[in-house]
Amino acid sequence: MKLTFHGQSALEITTEKHSIWVDPFISGNTFCDVEIGDVKPDVILLTHGHNDHAGDAEEIAKRNNSLIVAPFELAEYFGTKGLNVHPMHIGGGYQFEWGYVKWTQAFHGSSFTEDDGTVVYTGMPAGLLFTSEGKTIYHAGDTALFSDMKMIGERNDIDVAFLPIGDNFTMGPEDAATASEWLNAKLTVPIHYNTYPVIEQDPDKFVASLKGDGKVLKPGEFIER
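Since the model is a prediction, treat every value here as computed from it, not as a measurement. (Residues numbered from 1 in each chain as written. Predicted model: local features only at pLDDT ≥ 70, side-chain atom pairs only at ≥ 80, totals over all residues. Heavy atoms only, no water.)

### Quick word on the overall build of the protein
This is how it is decided: Counting from the N terminus, the helices are the DSSP runs of H or I reaching at least four residues and the strands are the DSSP runs of E reaching at least two. Every radius of gyration here is taken over C-alpha atoms, with the globule rule written as 2.2 Å times N^0.38, N being the number of residues. Buried residues are those whose accessible area, probed at 1.4 Å on protein chains only, stays under 20% of the maximum for their type, while exposed residues exceed 50% and partly exposed ones sit between those limits. Should any heavy atoms of two residues lie within 4.5 Å, those residues are counted as being in contact. The accessible surface values rely on the Shrake-Rupley method and a 1.4 Å probe; as for residues, cover is taken only from the protein chains in view. The positive count covers Lys and Arg only, the negative count covers Asp and Glu only, and His and the chain ends enter neither. A single reference atom marks each charge: NZ on Lys, CZ on Arg, CG on Asp, CD on Glu.
Of regular secondary structure, the protein possesses six helices and 15 strands. Against the compact-globule benchmark of 17 Å for 225 residues, the protein has a radius of gyration of 16 Å, which places it among compact chains. Taken over the C-alpha atoms alone, the protein extends approximately 45 × 40 × 30 Å along its principal axes. The 225 residues of the protein split such that 53% are buried. Partitioning the intrachain contacts of the protein with sequence separation of at least 6 by distance along the chain shows that 58% fall at a separation of at least 24. For the protein, the computed accessible surface area is about 9700 Å², with 45% contributed by carbon and sulfur atoms. Here the protein carries 16 positive and 33 negative side-chain charges, and the mean point of each set is 6 Å from the other.

### As for the side chain of D23
Heads up, the condition is: In what follows, salt bridge is the name for a side-chain nitrogen of Lys or Arg lying within 4 Å of a carboxyl oxygen of Asp or Glu.
Relative to the assigned elements, D23 resides in the loop between β3 (19-22) and β4 (43-45). As a buried residue without a salt bridge, D23 has its nearest oppositely charged side chain in K81, at a separation of 17 Å. Other than its neighbours up to four places away in sequence, D23 contacts S9, A10, L45, L46, T47, H53 and H139.

### With respect to the pairing of strand β12 (residues 135-139)
Stated formally: Any two strands between which DSSP finds at least two bridges are classified as paired. A right-handed crossover is one whose linking path, passing over the helix from the first strand to the second, runs clockwise when the strands point away from the viewer.
In terms of burial, β12 is largely enclosed, as four of its five residues are buried. Across three bridges, the pairing between β12 and strand β13 (residues 160-164) is parallel. Its bridge partner being in β13, H139 is matched across the sheet by F162. Running through helix α4 (residues 149-155), the crossover from β12 to the neighbouring parallel element β13 is right-handed.

### Observations regarding the sheet that holds strand β15 (residues 222-224)
The line we're drawing: Axis definition: a line fit to C-alpha positions, over the contact stretch in the case of helices; interaxial angles, taken between N-to-C directions, run 0 to 180 degrees.
The mixed open sheet is built from seven strands, whose spatial order is β6-β5-β4-β3-β2-β1-β15. The open sheet has two edge strands, β6 (84-88) and β15, and neither has a second partner. Taken over all neighbouring pairs, the strand axes of this sheet differ in orientation by 20° on average, direction set aside. As paired strands, strand β5 (residues 67-71) and β6 are joined by five bridges and run parallel to one another.

### As for helix α3 (residues 72-79)
Here is the rule we go by: Taking the helix axis as origin, the arc is that swept by the directions to the C-beta atoms.
Restricting attention to buried positions, one finds in α3 the residues L74, A75, Y77 and F78. What you see down the axis of α3 is that its buried residues fit within an arc of 155°, all on one side. In the core, the buried residues of α3 are packed alongside α1 (51-54), α2 (57-64), β5, β6, β9 (111-113) and β10 (119-121).

### With respect to the pairing of strand β8 (residues 99-105)
A regular strand places its side chains so that they alternate between the two faces of the sheet. Here strand β7 (residues 93-96) runs beside β8; their pairing, made up of four bridges, is antiparallel. The partner of Q95 across the bridge, within β8, is Y100. Note: β8 against strand β11 (residues 126-132), six bridges, orientation antiparallel. For Q105, the partnering residue across the bridge sits in β11 and is A126.

And the structure:
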C-alpha cells in the first residue's frame, strides 16, 4: 500500500488494484502538488462537507466515474448531483471489494458552500479507518481531541495515523501529540496545516514532540506499508 500526501488533508491510497482518495482538495489549495486532471480515483472517501475537503469531489467523480463514500447526508447531497455514492455513518463499517471502511466520530462541523454562497448542511463530520492488504490507516478528518481516541487505539492495530495539527479549526500540535499517544499508531503523519496563515504550524517540531514514531510528508511525498 502506497500513501501519498497532497497537502491539507488530501491523501491518496494506492493499493495493488485501486486508487482511493481521502478529501481531495485540489483547486484553491496552494499546498497541493497536483492538478485536478491528474486525480483519477476509483473511490473518493469524504470525512465532511467543508469545501477544503469536499470542494473538488463532484468534478473529480464526474471525470472518473468515481464512487463517493461518505457520511449519509453528505453522500446524499452528492447523490442529488447524479454521482455514484455509498452512504454510511459513524460507527458503521462496510467491506468493499477494494477495502474495509469504518467511520469514527469527529468533533467539528460539516457544510458545503455552493458557488452562489448558499450553505448546505451536510450532516455530521467523521474520521475513518481504512483497512486493505493487511494494513489499517486512520484518517482523523477535522477534529478536536476526544477521549474515545484511546478506545480507537485499543481496538485497532493502526499502522499509520493522519492527524490534523493546524489548531484554530482543529487540534493543535499539543492535542494532536496526545491523540497520537492514545491511538498507539506505528507511525503518525501531520495533516491540515500551513494551507492558510491561520493554521501555520511547524510539522517537524510536532513530530519531534511525539513519544512514538512520526514523519512529515511534503506534498507529493509518500510512504509504503
